[in-house]
2 protein chains.
Amino acid sequence: MDRSAPQITSFHPPRRVLMGPGPSDVPARVLQAMALPTVGHLDPAFSGMMEELKTLLRWAFQTKNELTFPVSAPGSVGMETCFVNLVEPGDTVIVCVNGVFGGRQAENVRRCGGTPVIVEDEWGAPVDPDKVRKAFQAHPQARILAFVHAETSTGALSDAATLAQIAREHDALTIMDCVTSLGGVPVLLDEWGIDAAYSGSQKCLSSTPGLSPVSFGERAVAKLKARKHPVQSWFQDLNLVLGYWSGAGKRTYHHTAPVNPLYGLHESLVMLAEEGLEASWARHRAMHEMLRDSLATMGIEFVVRPDARLPQLNAVRIPAGVDDAAVRAALLSDYGLEIGAGLGALAGKVWRIGVMGYGARVENIRLCTAALRDVLGRQG
Amino acid sequence: MDRSAPQITSFHPPRRVLMGPGPSDVPARVLQAMALPTVGHLDPAFSGMMEELKTLLRWAFQTKNELTFPVSAPGSVGMETCFVNLVEPGDTVIVCVNGVFGGRQAENVRRCGGTPVIVEDEWGAPVDPDKVRKAFQAHPQARILAFVHAETSTGALSDAATLAQIAREHDALTIMDCVTSLGGVPVLLDEWGIDAAYSGSQKCLSSTPGLSPVSFGERAVAKLKARKHPVQSWFQDLNLVLGYWSGAGKRTYHHTAPVNPLYGLHESLVMLAEEGLEASWARHRAMHEMLRDSLATMGIEFVVRPDARLPQLNAVRIPAGVDDAAVRAALLSDYGLEIGAGLGALAGKVWRIGVMGYGARVENIRLCTAALRDVLGRQG
């Protein structure tokens, strides 16, 4: 075969303003952290950084869970890590589906040999706790409840505290997807009694995509230790991963951690710590309200009812007669602005405007409003 | 729970010279690429970059395989991706074990419900083709052969061409680990007839850790399409991943790719293309010889016999009476130099000196030699 190299040169990305469903705008501090010199993944300096990362993540998740760390892969692997460790063949799992990511949870249950009992809600609606109660009554053998806190495909926020409470009443563990919620709205693992949670680096934390913070409580670890079947994934087996992420000095080789992206995640969490959790939640809320009011003047409507709206992910209906793809292409080419398309059942019907992390600031809201007004005006 | 943030500030890594088993030294060009502005993972500019990445990887692997792309996770996930897609429950797989990573392959086979037939060789020896022939004769039902081309735990290079040939004669697919070989010694997928291969970004490619280039040939794709059982991993199911990595314009959402690390991998492959594959192989060989000659003057011996030595991973015996951990700690503290400890059966008995990618240059060899001479002198 030809050994001569392809004529490909360095990549120079365009500068974008990212207001889609993630990745969100990454601040310069985080980008610069990505470029710091790589050290070995077993270097004592790196182990110290990992300990800090775990402390920062526990705080962000509002948990004391010892087993809190970033999975070395995207959010969908964080999801899979929760399911392959906690679901055994034959287990019945109640899964709430009100968008794409609940559906993916159900698919994970199936691939673990479990049986998902689907609690369905309309796309755009939050999970209905009454349906979950009924599902537990109809399937008393269920020992796990899985749901998505913040549905990235629809912009709906579900009542995690109530859902976790129902699970406890039925002696079931709770697995919560908080990929899009962490940092943008309250995520209170211990207060709510969540047993396992996974998130992503590229939403309200404003780090680059590719890492998935997870946290497991004592009840989850007990279920893991009591497994009869080995975990089907070697990489995701928490029994093995535990030794790698355990305290400095005791670390044993498992895989090679993504050193530089972890620098970036560390820096993004330091920025969140500087701002404070409550201040970050308030900022997301304020920027959402500013965007909502601007969109209202253009007659653009939200998919989700007001009390269940995620401030950080605004799903809005595409006005009648407007060409979805043409508008998004014009925003990208004329303003360097990315907003998100609809997914699954909402494809072609909605746009998803992200106001996440570093992207949740006044200049982004102004740009988005002005750009949409201009581009929609041309369509009219 | 207390909402007040932990008092943790930005992380400032020390500057190291990385001559362990990986990550290897990352050049400034690649680090700078990591810090380029993040774009959306479905942005047309990003899709164009992904196409270039696939072209560059095909060239690096010396293959025409359409299905060649970087898995969005470390090398161990690349490994798992090969096994979960190609091994079905009940399959017999011949696995060559001559170090840690062959053992991990066998573990992967078990977790897929397959039965591994272990062909064992001494740690430090290459895989013995005669044993593989005998294993196929004893287990004619075996339809897959798995082996590690370059054993990172021992520094042994196996004869991939011969092993793949034996597999073909028995109508079996070949899965090859080339995590440490790609870019450092010839890896010729098509010439050798390898059906599935996985590598890592952080060895001879000198990118940051966290990505795993993989390639699948037609026979592997046919086995995948003919599966009776669904792939046990959602994230790694190639049937789904295919749509995400398919040509620009046809891409469908699967997960969110690690945008910035992919910039880094792209840049590292552009650098490899500028140098040329054969020049890179020759440079690794020359730097290995320089190191070997220096170590010989200190009476330090290699684990692997000369004709099976990996130039990029030099496993050498720790001289009698020398304190392993103390020497490595002194190299790190006094010279900022990282060399690798022994793994598994070789722990405490060997050092692993990496001469990989950007780390394979004269100043690194000189530093390593001088530092070792100084630190060992103090021990004597």
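Predicted model, so just to flag it, every value in this text is computed and none were measured. (Residues numbered from 1 in each chain as written. Chains lettered and ligands numbered in written order. Predicted model: local features only at pLDDT ≥ 70, side-chain atom pairs only at ≥ 80, totals over all residues. Heavy atoms only, no water.)

### So, the pairing of strand β13 (residues 350-354) of chain A
Residue and element names in this part refer to chain A.
Part 1 of the reasoning: Most of β13 sits out of view: 5 of its 5 residues are buried.
Part 2 of the reasoning: Both faces of β13 are covered, namely the face carrying Val350, Arg352 and Gly354 and the face carrying Trp351 and Ile353.
Part 3 of the reasoning: Summarising the sheet, strand β11 (residues 313-317) and β13 pair through 5 bridges and their orientation is antiparallel. Across the sheet, residue Ala315 finds its bridge partner in β13, namely Arg352.
Part 4 of the reasoning: Pairing of strand β12 (residues 337-341) with β13, which is carried by 2 bridges, proceeds in the antiparallel orientation. Paired with Ala341 across the bridge in β13 is Trp351. (Buried < 20%, exposed > 50% of the residue type's maximum accessible area, 1.4 Å probe, protein only. Helix = DSSP H or I, 4+ residues; strand = E, 2+ residues; numbered from the N terminus. Pairing = 2+ DSSP bridges.)

### Details of the interface of chain A and chain B
Part 1 of the reasoning: Contacts between the two partners involve 85 residues from chain A, matched on the other side by 84 residues from chain B.
Part 2 of the reasoning: Of the roughly 7100 Å² buried between chain A and chain B, counting both surfaces, carbon and sulfur atoms make up 63%.
Part 3 of the reasoning: Contact with chain B buries surface across chain A, with Arg3, Phe11 and Arg111 of chain A losing the most and accounting together for 12% of the total.
Part 4 of the reasoning: Counting the contacts that link chain A with chain B gives 8 salt bridges.
Part 5 of the reasoning: For Arg16 of chain B, the salt bridge goes to Asp43 of chain A, with nearest N and O atoms at 2.6 Å. (Contact = heavy atoms within 4.5 Å. Buried area = accessible area lost by both parts, 1.4 Å probe. Salt bridge = Lys/Arg side-chain N within 4 Å of Asp/Glu carboxyl O.)

### Structural notes on the relation of the copies chain A and chain B
Part 1 of the reasoning: Aligned on chain B, chain A shows an RMSD of 0.0 Å; the corresponding rotation is 180 degrees and the shift along the axis is 0.0 Å. The operation mapping one copy onto its partner corresponds to a two-fold rotation axis.
Part 2 of the reasoning: By residue overlap, the copies meet face to face through one surface: 99% of the interface positions of chain A are interface positions in chain B. (Least-squares fit on C-alpha atoms with pLDDT ≥ 70 in both.)

### As for the domain arrangement of chain A
Residues and elements named next belong to chain A.
Part 1 of the reasoning: For chain A, the assigned domains read domain 1 (17-23 + 277-379) and domain 2 (29-272).
Part 2 of the reasoning: Of note, the centres of domain 1 and domain 2, computed from C-alpha atoms alone, are 27 Å apart.
Part 3 of the reasoning: Between domain 1 and domain 2, roughly 2200 Å² of surface is buried when both sides are summed, and carbon and sulfur atoms account for 68% of that area.
Part 4 of the reasoning: If you sort the residues of domain 1 by the area they bury against domain 2, Leu277, Trp281 and Leu310 come out on top, with a joint share of 29%.
Part 5 of the reasoning: Our count for the domain 1 to domain 2 interface comes out at 8 residue pairs in polar contact (both at pLDDT 80 or more).
Part 6 of the reasoning: The set of elements that each furnish at least two residues to the side of domain 1 that touches domain 2 consists of α11 (277-297) and β11.
Part 7 of the reasoning: When residues of the side of domain 1 that touches domain 2 are assigned to their parent elements, the largest contribution, 4 residues, is made by α11. (Domains from an automatic or database assignment. Polar contact = N/O pair within 3.5 Å; in protein donor to acceptor, adjacent residues only side chain to side chain.)

### Overview of the sheet that holds strand β2 (residues 67-71) of chain A
Residue and element names in this part refer to chain A.
Part 1 of the reasoning: Spatial ordering of the open sheet is given by β2-β10-β9-β8-β5-β3-β4, a layout of 7 strands whose pairing is mixed. The open sheet has two edge strands, β2 and β4 (115-120), and neither has a second partner. The average angle at which neighbouring strand axes cross in this sheet is 15 degrees, direction not considered.
Part 2 of the reasoning: Note: strand β5 (residues 144-148) against strand β8 (residues 173-177), 5 bridges, orientation parallel. In the strand pairing of β8, Phe147 is matched with Met176. (Axes fitted to C-alpha atoms, helices over the stretch in contact; angles between N-to-C directions.)

### Let's talk about the pattern of salt bridges
Part 1 of the reasoning: If you walk through the whole model with that rule in mind, you get 46 salt bridges over all chains.
Part 2 of the reasoning: Asp374 of chain A is the salt-bridge partner of Arg378 of chain A, the closest N and O atoms lying 2.9 Å from each other. One end of the pair is Arg378 of chain A and the other is Asp374 of chain A, both in helix α13 (residues 362-379) and 4 residues apart, which spans about a single turn.
Part 3 of the reasoning: Using a relative accessible area of 48% as the deciding quantity, one classes Arg378 of chain A as partly exposed.
Part 4 of the reasoning: Connected through shared salt-bridge partners, Glu107, Arg110 and Arg111 of chain A together with Asp237 of chain B make up one network.

### A word on the packing of helix α5 (residues 129-138) of chain B against helix α6 (residues 160-169) of chain B
All names here are of chain B.
Part 1 of the reasoning: At their nearest, the axes of α5 and α6 sit 10 Å apart, and the two run at 15 degrees to each other. Classified by the angle their axes make, α5 and α6 are roughly parallel. As α5 runs across α6, the sense of the crossing is right-handed. Taking contact as the criterion, the partners of Pro129, Val132, Arg133 and Phe136 in α5 are, on α6, Thr162, Leu163, Ile166 and Ala167.
Part 2 of the reasoning: Residues of the contact of α5 with α6, tallied by class, amount to 6 nonpolar, 1 polar and 1 charged. (Parallel < 35°, antiparallel > 145°, perpendicular 65-115°, else oblique. Left-handed = near helix turned anticlockwise from the far one by under 90°. Nonpolar A, V, L, I, M, F, W, Y, C, P; charged D, E, K, R; others polar.)

### Focus: the pairing of β12 of chain A
All names here are of chain A.
Part 1 of the reasoning: Burial analysis of β12 places 4 of its 5 residues in the buried class, the great majority of the element.
Part 2 of the reasoning: Where strand β1 (residues 17-19) meets β12, 3 bridges bridge the pair, whose relative direction is parallel. Residue pairing for β12: Val17 is matched across the bridge by Leu337.

### Comments concerning the UniProt feature "modified residue: N6-(pyridoxal phosphate)lysine" (unreviewed entry) in chain A
All names here are of chain A.
Part 1 of the reasoning: The feature "modified residue: N6-(pyridoxal phosphate)lysine" (unreviewed entry), as annotated in UniProt, sits at Lys203 in this numbering.
Part 2 of the reasoning: Position of Lys203 among the secondary structure elements: in the loop between β9 (196-198) and β10 (212-216).
Part 3 of the reasoning: You can call Lys203 buried: its relative accessible area is 6%.
Part 4 of the reasoning: Not counting the four nearest positions on each side in its chain, Lys203 is found in contact with Pro21, Gly22, Ser24, Thr152, Val179, Thr180, Met356 and Gly357. (UniProt positions renumbered as here; feature names shortened; annotations may be inferred.)

### Description of the packing of helix α12 (residues 324-335) of chain B against helix α13 (residues 362-379) of chain B
All names here are of chain B.
Part 1 of the reasoning: Between α12 and α13, whose axes approach to 10 Å, the crossing angle comes to 125 degrees. One way to sum up the angle between α12 and α13 is to call them oblique. In terms of crossing hand, the pair formed by α12 and α13 is right-handed. Between α12, through Ala326, Val327, Ala330, Leu331, Asp334 and Tyr335, and α13, the contact on the second element is made entirely by Leu367, Ala370, Ala371, Leu372, Asp374, Val375, Leu376, Arg378 and Gln379.

### A word on the sheet that holds β1 of chain A
Residue and element names in this part refer to chain A.
Part 1 of the reasoning: Spatially, the 4 strands line up as an open sheet ordered β1-β12-β13-β11, and their pairing is mixed. Strands at the two margins of the open sheet, each flanked by one partner only, are β1 and β11. For this sheet, the mean angle separating the axes of adjacent strands, direction not counted, is 30 degrees.
Part 2 of the reasoning: Most of the contacts of helix α12 (residues 324-335) go to β12, to which it runs at about 160 degrees, and overall it touches β12 and β13.

### Looking at unusual backbone geometry
Residue and element names in this part refer to chain A.
Part 1 of the reasoning: The step from Gly22 to Pro23 runs through a cis peptide bond, and the omega angle for that step is 5 degrees.
Part 2 of the reasoning: Structurally, the position occupied by Pro23 is in the loop between β1 and α1 (28-34).
Part 3 of the reasoning: Phi at Gln62 takes a positive value of approximately 55 degrees, unusual for a residue other than glycine.
Part 4 of the reasoning: By the secondary structure assignment, Gln62 is in the loop between α2 (44-61) and β2.
Part 5 of the reasoning: By relative accessible area, Gln62 is classed as buried at 2%.

### A look at empty space enclosed by the protein
Empty space among the atoms becomes visible once a probe the size of a water molecule is rolled across them.
Part 1 of the reasoning: One pass over the structure, following the stated rule, counts 6 cavities of 30 Å³ or more.
Part 2 of the reasoning: Quantified by volume, the largest cavity comes out at close to 170 Å³.
Part 3 of the reasoning: What lines the largest cavity is a set of 17 residues, and nearest its centre among them are Gly75, Ser76, Phe101 and Val179 of chain A together with Tyr253 of chain B.
Part 4 of the reasoning: For the lining of the largest cavity, the secondary-structure elements that each account for two or more residues are α3 (75-86) and α4 (100-111) of chain A.
Part 5 of the reasoning: Ranked by residue count, the leading element in the lining of the largest cavity is α3 of chain A, at 3 residues. (1 Å grid on protein atoms, 1.4 Å probe; cavity = no way out; pocket = protein on both sides within 12 Å on 5 of 7 lines; lining within 4 Å. Points joined across faces, edges and corners; volume = space filled by probe spheres on them.)

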